[in-house]
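So the chains spell out like this:
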Amino acid sequence: MTALAINTDVGEGFGIWGPADEGDLLDQVTAANVACGFHAGDPDILRRTCEASAARGVAIGAQVSYRDLAGFGRRFIDVPPATLVNEILYQIGALEVFARLAGSRISYVKAHGALYNAAARHTGHATALVDAVALYDPGLPLLCQPRTVLWERAVAAGLRPLAEGFIDRGYTDEGLLVARSAPGALVTDPAEAARRALRMAQTGTVVSVTGKAVRIAPDGEGLSALCVHSDTPGAVALTAAVRTSLASGGITVGTPGDLVPERAEARP
């Protein structure tokens with residue numbers, strides 16, 4: 001493994017709501033999943049978050065969602081796939097403007113919340129995500145989970161999916177995320193998170209909420225990214241512990257761009 005990206009969800013406010021300064025967390029990660037306005041974020045927040053990320057050399061990723069501000073993107077929306085393609089393109093385009101103004105660019109795409117979970121099994125919405133990325137820039141990596149419909153569709157379309165593990169979330173025996181309402185959904189202890197992260201990085205496995213060892217990396221490969229949610233209690237301390245643990249295991253951290261070949265210049 002040459003590099004492992006550590007990403008977090010940021011910019012998840014709206015108007016006067018939400019964190020004004022996420023600098024301490026951005027100091028600990030290598031990639032920022034920036035809310036693009038559909039589940040959270042507004043133009044001021046998008047610009048501020050892109051500037052803060054670019055100033056630290058943190059990669060900017062478009063975190064796209066269902067149009068669901070009221071539900072924070074954590075509710076399934078049965079939007080027609082063709083409309084979902086356009087909504088994803090709309091979000092990527094909005095973020096790209098502010099990334100460029102900050103002297104950076106969008107370097108990957110990741111779904112948020114319910115869309116992330118739905119695309120693991122929902123063929124129509126997984127295909128919409130893949131189609132949107134392919135239309136915008138087929139060189140953009142797509143962060144997702146292996147052995148899901150989204151992963152399979154991305155590979156079939158010639159995209160580059162990057163395998164992602166979640167440090168602060170519980171897993172089912174199938175290698176998917178436990179519902180947030182279920183026991184064991186969140187991991188908030190920094191020491192436990194650090195142990196989980198190192199295991200994920202070294203073995204590509206995690207212990208599920210039932211105690212089963214589950215492979216979450218692609219067969220024959222390792223994970224490419226680890227995620228910590230910014231709204232997990234103690235996210236900054238948790239991420240710092242993860243960085244220390246990875247370093248102790250000789251794991252190099254980098255950005256998603258370190259894991260894929262140099263891509264062509266994105267569209268203006």
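Residues numbered from 1 in each chain as written. Predicted model: local features only at pLDDT ≥ 70, side-chain atom pairs only at ≥ 80, totals over all residues. Heavy atoms only, no water.

## Regarding the overall build of the protein chain
Thinking step 1. Within the protein chain one finds eight helices and 10 strands.
Thinking step 2. On C-alpha atoms alone, the protein chain measures out to a radius of gyration of 17 Å, which is about the 18 Å that the 2.2 N^0.38 rule sets for 268 residues.
Thinking step 3. For the protein chain, buried positions account for 54% of its 268 residues.
Thinking step 4. Put simply, the protein chain has 23 plus and 28 minus side-chain charges, and the middle of one group is 3 Å from the middle of the other. (Helix = DSSP H or I, 4+ residues; strand = E, 2+ residues; numbered from the N terminus. Rg over C-alpha atoms; globule rule 2.2 N^0.38 Å. Buried < 20%, exposed > 50% of the residue type's maximum accessible area, 1.4 Å probe, protein only. Lys, Arg positive; Asp, Glu negative; His and termini not counted. Charge placed at Lys NZ, Arg CZ, Asp CG, Glu CD.)

## Overview of the packing of helix α7 (residues 190–203) against helix α8 (residues 235–248)
Thinking step 1. Contact geometry of α7 with α8 gives a least axis separation of 8 Å together with a crossing angle of 45°. One way to sum up the angle between α7 and α8 is to call them oblique. Between α7 and α8 lies a crossing of right-handed hand. In contact with Pro190, Ala193, Ala194, Ala197, Leu198 and Ala201 of α7, α8 contributes Ala237, Leu238, Ala241, Val242, Ser245 and Leu246.
Thinking step 2. Its residues assigned to classes, the contact of α7 with α8 comprises 11 nonpolar, one polar and no charged. (Axes fitted to C-alpha atoms, helices over the stretch in contact; angles between N-to-C directions. Parallel < 35°, antiparallel > 145°, perpendicular 65-115°, else oblique. Left-handed = near helix turned anticlockwise from the far one by under 90°. Contact = heavy atoms within 4.5 Å. Nonpolar A, V, L, I, M, F, W, Y, C, P; charged D, E, K, R; others polar.)

## Quick word on helix α6 (residues 149–156)
Thinking step 1. Within α6 the residues assigned to the buried category are Val149, Leu150, Trp151 and Ala154.
Thinking step 2. Lining the buried residues of α6 we find α4 (113–119), α5 (123–136), β5 (142–144) and β6 (161–166).
Thinking step 3. One or two steps after α6, the chain reaches Gly158, where phi turns positive at roughly 85°.

## Comments concerning the pairing of strand β2 (residues 31–35)
Thinking step 1. The element β2 is largely enclosed, with a buried count of five among its five residues.
Thinking step 2. Side chains of β2 alternate between two faces, with Ala31, Asn33 and Ala35 and Ala32 and Val34 buried alike.
Thinking step 3. Pairing of β2 with strand β3 (residues 59–64), which is carried by five bridges, proceeds in the parallel orientation. Its bridge partner being in β3, Ala35 is matched across the sheet by Gln63. (Pairing = 2+ DSSP bridges.)

## Side note on the layout of surface pockets
Thinking step 1. In this structure, the largest pocket occupies an estimated 370 Å³ of space.
Thinking step 2. Surrounding the largest pocket, 22 residues form its lining, Gly113, Ala114, Asn117, Arg169 and Leu177 being those nearest its centre.
Thinking step 3. For the lining of the largest pocket, the secondary-structure elements that each account for two or more residues are β4 (106–111) and α4.
Thinking step 4. With four residues, α4 is the largest single contributor of residues to the lining of the largest pocket.
Thinking step 5. Of the residues belonging to the lining of the largest pocket, the class tally is nine nonpolar, seven polar and six charged. (1 Å grid on protein atoms, 1.4 Å probe; cavity = no way out; pocket = protein on both sides within 12 Å on 5 of 7 lines; lining within 4 Å. Points joined across faces, edges and corners; volume = space filled by probe spheres on them.)

## Regarding the packing of aromatic side chains
Thinking step 1. As enumerated under the stated definition, the model contains three aromatic pairs in all.
Thinking step 2. Centre to centre, the rings of Phe38 and Tyr90 are 5.8 Å apart; their planes meet at 40°, and the pair counts as tilted. Of this pair, Phe38 sits in the loop between β2 and α2 (43–55) while Tyr90 sits in helix α3 (residues 81–101), placing them 52 residues apart in sequence.
Thinking step 3. When its relative accessible area of 5% is taken as the criterion, Phe38 is described as buried.
Thinking step 4. Under the relative-accessibility criterion, Tyr90 is labelled exposed at 58%.
Thinking step 5. Plain terms: the ring middles of Tyr116 and Phe166 are 5.4 Å apart, the flat faces sit at 90° to each other, and that makes the pair edge-to-face. One end of the pair, Tyr116, is in helix α4; the other, Phe166, is in strand β6, with 50 residues separating them in the sequence. Here the two residues Tyr116 and Phe166 agree in accessibility, since each one is buried. (Phe/Tyr/Trp six-rings, centres within 6.5 Å; stacked < 30°, edge-to-face > 60°.)

## Things to note about unusual backbone geometry
Thinking step 1. Phi at Phe72 is positive, roughly 55°, even though this residue is not glycine.
Thinking step 2. Within the secondary structure, Phe72 sits in the loop between β3 and α3.
Thinking step 3. Classification of Phe72 by relative accessible area gives partly exposed; the value is 22%.
Thinking step 4. Unusually for a residue other than glycine, Arg147 sits at a positive phi of about 60°.
Thinking step 5. With respect to the helices and strands, Arg147 occurs in the loop between β5 and α6.

## Considerations on the nonpolar core
Thinking step 1. Counting residues in each nonpolar core, the largest one holds 71 residues, and the members touching the most others are Leu95 and Leu246.
Thinking step 2. The contacts of Leu246, once residues within four sequence positions are left out, are Leu4, Ile6, Ala197, Leu198, Ala201, Leu226, Ile251 and Val253.
Thinking step 3. Residues Ala5, Tyr108, Leu143 and Ala225 belong to the second largest nonpolar core, which totals seven residues. (Core = buried A, V, L, I, M, F, W, Y, C linked by side-chain atoms within 4.5 Å.)

What is shown is where atoms sit, not what they do.
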